[in-house]
Amino acid sequence: IIGIILVVAIVIVGIILVVGNKGHRVIKVDNVTGEASLERKANEQEIYENINLQSKDAVITGQDGQVELLIDSDKHVLARENTKFKVVSSGNENKGKLKIELLYGTSLVEIENKLPKDATFEVETPNATIGVRGTVFETSYDEKENKTVVVVTSGVVEVTTDTETVMVEEGQKAIVVDDAVEVGENNNFTFINDPDIEDTYYVEKIIYQTVLRYKLL
């Protein structure tokens, strides 16, 4: 009888731990290459794989640097070279807000699963806010021109400025200069699909002329 009671108690504790941790937000550095660092409370420090980030931490990459974040086990955020963005988080993955404040450079975002009803995910630049539910898209911001470019490779995003809101669909890109938004077809990007493997690789023909590593699950 004592043995049965112990087994039941262990099962109950396990259930409590699983339920209690459901929705817990984890922001982890999944991969680092090249020149990169972490800025926390105005102090710049080393960034390395498997470190957990805090809300308002900033990721900085230099020449040839890249940092990939894994958030909530189903959200991937890649900082390209010469990029700085801040991660701002509140609540948890089921009921909370997550924002990437892109100060300059380029970020690539993949959200594998549709966000819960009470959760939001945004990428914010100085002149635009990109709202998503579940998609793959890239955002670039040029400080000198005050220009944001959003390229959607899967799903739909909502681009908002101080004067208007537009929807950008798969295969399209939006260019925001100051507050003006122009949406058109994206002819600079394509996909390569290999039937022998399950990976899909993102190809940027104009800027890098190379295949970047980015797995779409």
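Computed from a prediction, not measured in an experiment: that's the story for all the values here. (Residues numbered from 1 in each chain as written. Predicted model: local features only at pLDDT ≥ 70, side-chain atom pairs only at ≥ 80, totals over all residues. Heavy atoms only, no water.)

Chemist: Even after reading the chapter, I still don't get the overall build of the protein chain, so can you show me in this structure?
Modeler: A count of helices and strands for the protein chain gives one helix and 19 strands. Within the protein chain, contacts between residues at least 6 apart in sequence are counted, and of these 41% link residues at least 24 apart. Split by element, the accessible area of the protein chain, about 12000 Å² in all, is 51% carbon and sulfur. (Helix = DSSP H or I, 4+ residues; strand = E, 2+ residues; numbered from the N terminus. Contact = heavy atoms within 4.5 Å. Areas by Shrake-Rupley, 256 points an atom, 1.4 Å probe, with all protein chains shown as cover.)

Chemist: Would you take a moment to explain unusual backbone geometry for this structure?
Modeler: Peptide bonds are mostly trans, and most non-glycine residues show a negative phi. For Ser 73, which is not a glycine, the phi torsion comes out positive at approximately 70°. Positive phi outside glycine occurs at Asn 146, with the angle close to 50°. Mapping Asn 146 onto the fold places it in the loop between strand 11 (136–142) and strand 12 (147–154).

Chemist: When you look at the environment of Ala 36 in this model, what are you seeing that I'm missing?
Modeler: When you line up the elements, Ala 36 lands in strand 2 (residues 36–40). The class for Ala 36 is partly exposed, based on a relative accessible area of 23%. Here the alpha-carbon distance between Ala 36 and Gln 66, two residues 30 residues apart in the chain, equals 6.9 Å. Beyond its immediate chain neighbours, meaning those up to four positions away, Ala 36 contacts Ile 47, Ile 60, Thr 61 and Val 67. (Buried < 20%, exposed > 50% of the residue type's maximum accessible area, 1.4 Å probe, protein only.)

Chemist: Looking at this structure, how should I read the side chain of Lys 84?
Modeler: Here Lys 84 lies in strand 7 (residues 83–91). Classification of Lys 84 as buried rests on a relative accessible area of 17%. Engagement of the side chain of Lys 84 in a polar contact is seen with the side chain of Glu 39, the distance being 3.3 Å. What Lys 84 contacts, discounting residues up to four positions off in sequence, is Glu 39, Ala 58, Val 59, Ile 60, Glu 101, Leu 102, Leu 103 and Tyr 104. (Polar contact = N/O pair within 3.5 Å; in protein donor to acceptor, adjacent residues only side chain to side chain.)

Chemist: I'm lost on the nonpolar core in this one. Help?
Modeler: What tends to happen in soluble globular proteins is that the nonpolar side chains get buried as a cluster. With 36 residues, the main nonpolar core has Leu 53, Leu 69, Phe 85, Phe 121, Phe 137, Val 157 and Val 159 as its most contacted residues. Per-element tally for this core: the top contributor is strand 8 (residues 96–111), with five residues. (Core = buried A, V, L, I, M, F, W, Y, C linked by side-chain atoms within 4.5 Å.)

Chemist: Sorry if this is basic, but what is going on with the confidence of the model for the protein chain here?
Modeler: Should pLDDT be low for a region, the predicted coordinates there are not to be read in detail. This prediction gives the protein chain a mean pLDDT of 82; 75% of its residues lie at or above 70. Of all the helices and strands in the protein chain, strand 19 (residues 210–212) carries the lowest mean pLDDT, 34, while strand 4 (residues 57–61) carries the highest, 98. Throughout residues 13–22 the model reports pLDDT below 50, and contacts reaching past four residues in sequence, or to other chains, amount to one contact. Here residues 190–217 is modelled with pLDDT under 50, and outside its nearest four sequence neighbours on either side it reaches 59 contacts, counting other chains as well. (pLDDT = per-residue confidence, 0-100.)

Chemist: What am I meant to see in the pattern of salt bridges here?
Modeler: Where charged atoms of side chains with opposite charge meet at close range, the side chains can pair. For the structure on display, the rule yields nine salt bridges. Among the charged side chains, a salt-bridge network with shared partners connects Arg 25, Asp 72, Asp 74 and Lys 75. (Salt bridge = Lys/Arg side-chain N within 4 Å of Asp/Glu carboxyl O.)

Chemist: Just checking my understanding: could you explain the environment of Glu 49 for this structure?
Modeler: Here Glu 49 lies in the loop between strand 3 (43–45) and strand 4. Considering only alpha carbons, one finds Glu 49 and Leu 69, 20 residues apart in sequence, at a separation of 9.2 Å.

Chemist: Mind showing me how you'd approach the side chain of Thr 83 here?
Modeler: As for its placement among the helices and strands, Thr 83 is situated in strand 7. Take Thr 83: its relative accessible area is 0%, and that puts it in the buried class. Within the structure, the side chain of Thr 83 is placed 3.0 Å from the backbone oxygen of Arg 80, a separation counted as a polar contact. A polar contact of 2.8 Å, which involves the side chain of Thr 83, links it to the backbone nitrogen of Thr 106.

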